[in-house]
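# Examining the three-dimensional arrangement
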Amino acid sequence: VVQGMAEEDTAEGGAVVLVDAAAGVEVGIDLLSFAVPGDAAGSVAGFRGVPPGCAHLLHYGVQADGGGGCLKTGVFVRFGGGGQEACVLRWETRDEDFVCCDEVAAANAAAAARGSPAVRARLVPCTPQLRMQWEALAGYVSDVCLRRCNVPCGTKVSPGAAPGDDDGAAGKSRARAPPSQVTPYFEGIARAPHFAELWPPKEELARMTTAERTQYCHDASTRLAWLIGGTFGGSEDELLGEAQLAFVLFLLLSSYAALIHWKNIVTLLCGCHTAVTTNPQLFAKFVGVLQAQLLCVGEDFFTDVLAEKNFILVSLVALRETLAAEENPQFLCALL
């Protein structure tokens, strides 16, 4: 990240500068994307007006041989409050991947981006509408969330392997590596996200009384409290952030593992009964998050096989029934 964008860029945000991008490479940031045109090959492409504060997902890929789709890689970037920054990457033809520029080349590219009208014309602006959409989709994704999921800012992200059929049938996410294990790091190699385990360990269940186990099976509120108090450090926003992270990785990188995790969080929250009354603020925020997410998927998502047999409709019906049964004025006040 290079400091020192021009004063005119301060108001409109940071910039992503892609040097020597190959023609046909699909690049995007958040919900904005394009294929590098032939006249821009070997030159500069990218984005400007990227708003500060929120975590943004830069994603790119090359069309597979035979037209079999585009395998995407992502990188999360976050610009400071001043908005006077540029993220500069260079296309490496041999590896068909973007790599970090050296400091001199990065500084030169940033200077060209702020001083050359021709270069600025090649940087696609992020519109206010797209900014608002992305804030609604990723506003809770914190640096803590990204580090917990093994994809901190500046680290390349891969879609990851699809969970096995048994995992999908059981409706469970992949378990995280034990905290004692060291996560290997290889510079320049994309990492798959490691999502939080959403189920308590067997030892925790064994300590429950019969009545507690019955409550646990019929009301997800117990598991929700365990997650927020333990895994997410007492922050309900961290849970929402992980739901947002999983969704955008599914949406923009086509990560099936992320889809499964997002589905599990939605199912968890929609399966709570007691918590809707005791913590209406959380569920009001969750409804806003879910609404923004559903606006980004087509109608066929509700009937597609990957949508896990209309799980979202089942989940929303369950939540609506809970609200109707509880006649919850606290939730309605929080929602308003």
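In this text the structure is predicted, and so the values were computed from the model without any measurement.

The helix and strand inventory of the protein chain stands at 15 helices and 11 strands. Looking at the protein chain as a whole, 45% of its 336 residues qualify as buried. By sequence separation, contacts in the protein chain at least 24 residues apart represent 72% of the contacts at least 6 residues apart. Surface exposure of the protein chain reaches about 16400 Å², of which carbon and sulfur atoms provide 56%.

Let us now look at the pattern of salt bridges. Scanning the entire structure with this criterion turns up 8 salt bridges. Several salt bridges converge on common partners, so that one network encompasses Arg 148, Glu 238 and Glu 242.

For the rest of this paragraph, the subject is empty space enclosed by the protein. Using a probe with the size of a water molecule, rolled over the atoms, empty space left in the structure can be pinpointed. In the structure shown here, the tally under the stated rule is 1 cavity of 30 Å³ or more. In this structure, the largest cavity is lined by Ile 29, Asp 30, Leu 31, Leu 32, Pro 51, His 56, Cys 126, Leu 130, Arg 131 and Trp 134. In terms of residues, the lining of the largest cavity owes the most to one element, helix H4 (residues 128-138), which gives 3 residues.

Within the element layout of this structure, Asp 143 appears in helix H5 (residues 143-148). Considering only alpha carbons, one finds Asp 143 and Ala 55, 88 residues apart in sequence, at a separation of 8.0 Å. Other than its neighbours up to four places away in sequence, Asp 143 contacts Arg 78 and Cys 153.

Among the secondary structure elements, Ser 255 is positioned in the loop between helix H10 (236-253) and helix H11 (256-270). Here the side chain of Ser 255 touches Ala 258 through a polar contact of 3.1 Å, landing on its backbone nitrogen. When sequence neighbours within four positions are dropped, the list of residues in contact with Ser 255 reads Pro 159, Leu 249 and Phe 250.

Our next topic: the sheet that holds strand S6 (residues 55-63). Across the sheet, which stays open at both edges, the 5 strands sit in the order S4-S3-S6-S7-S11 with antiparallel pairing between neighbours. Edge positions in the open sheet fall to strand S4 (32-35) and strand S11 (156-157), since each of these has one partner strand only. Bridging between strand S3 (residues 26-29) and S4 involves 4 bridges; their strand directions are antiparallel. Residue pairing across strands places Gly 28 opposite Ser 33, the latter belonging to S4. Against the sheet, H10 contacts S6, strand S7 (70-78) and S11, and its axis sits at roughly 140 degrees relative to S7.

We now examine the state of the cysteines. Counted under the stated rule, the structure contains 0 disulfides. Free cysteine: Cys 145, not disulfide-bonded; nearest cysteine sulfur from Cys 149 at 4.6 Å.

Between H10 and H11, whose axes approach to 8 Å, the crossing angle comes to 145 degrees. Regarding H10 and H11, the two cross each other, and that crossing is left-handed. Where H10 approaches H11, its residues Leu 239, Glu 242, Ala 243, Ala 246, Phe 247, Leu 249 and Phe 250 are matched on the opposing element by Ala 258, Leu 259, His 261, Trp 262, Ile 265 and Leu 269. When its residues are assigned to classes, the contact of H10 with H11 shows 11 nonpolar, 1 polar and 1 charged.

Ranked by size, the top nonpolar core spans 56 residues in total, and within it Phe 76, Leu 224, Leu 245, Leu 249 and Trp 262 carry the most contacts. With 11 residues, the single largest contributor to this core is H10. In this structure Leu 224 touches Leu 239, Leu 268, Leu 269, Cys 272, Ala 275, Leu 282 and Phe 283, once residues within four positions along its chain are discounted. Grouped together as the second largest cluster of nonpolar side chains are 20 residues, Leu 18, Tyr 60, Leu 89 and Phe 98 included.

Moving on to the packing of aromatic side chains. Here the structure, examined in full by the defined rule, presents 5 aromatic pairs. Taking 5.1 Å as the distance between ring centres and 55 degrees as the angle between the ring planes, the aromatic pair formed by Phe 247 and Trp 262 counts as tilted. Of this pair, Phe 247 sits in helix H10 while Trp 262 sits in helix H11, placing them 15 residues apart in sequence. For the pair Phe 247 and Trp 262, one class covers both residues: buried. Aromatic ring contacts, followed pair by pair, group Tyr 60, Trp 91 and Phe 98 into a single cluster.

Once that is clear, we can look at the confidence of the model for the protein chain. The share of residues in the protein chain with pLDDT of 70 or more is 77%, and the mean pLDDT across the chain is 80. The secondary structure element of the protein chain with the lowest average pLDDT is helix H6 (residues 165-170), at 40, and the one with the highest is H10, at 97. Across residues 1-11, confidence stays below pLDDT 50; counting only partners more than four residues off in sequence or on other chains, it has 30 contacts. Counting contacts from residues 165-182, a segment whose pLDDT is below 50, to residues more than four positions away or on other chains yields 28 contacts.

Criteria and thresholds
- Residues numbered from 1 in each chain as written.
- Predicted model: local features only at pLDDT ≥ 70, side-chain atom pairs only at ≥ 80, totals over all residues.
- Heavy atoms only, no water.
- Helix = DSSP H or I, 4+ residues; strand = E, 2+ residues; numbered from the N terminus.
- Buried < 20%, exposed > 50% of the residue type's maximum accessible area, 1.4 Å probe, protein only.
- Contact = heavy atoms within 4.5 Å.
- Areas by Shrake-Rupley, 256 points an atom, 1.4 Å probe, with all protein chains shown as cover.
- Salt bridge = Lys/Arg side-chain N within 4 Å of Asp/Glu carboxyl O.
- 1 Å grid on protein atoms, 1.4 Å probe; cavity = no way out; pocket = protein on both sides within 12 Å on 5 of 7 lines; lining within 4 Å.
- Points joined across faces, edges and corners; volume = space filled by probe spheres on them.
- Polar contact = N/O pair within 3.5 Å; in protein donor to acceptor, adjacent residues only side chain to side chain.
- Pairing = 2+ DSSP bridges.
- Axes fitted to C-alpha atoms, helices over the stretch in contact; angles between N-to-C directions.
- Disulfide = S-S within 2.5 Å.
- Left-handed = near helix turned anticlockwise from the far one by under 90°.
- Nonpolar A, V, L, I, M, F, W, Y, C, P; charged D, E, K, R; others polar.
- Core = buried A, V, L, I, M, F, W, Y, C linked by side-chain atoms within 4.5 Å.
- Phe/Tyr/Trp six-rings, centres within 6.5 Å; stacked < 30°, edge-to-face > 60°.
- pLDDT = per-residue confidence, 0-100.

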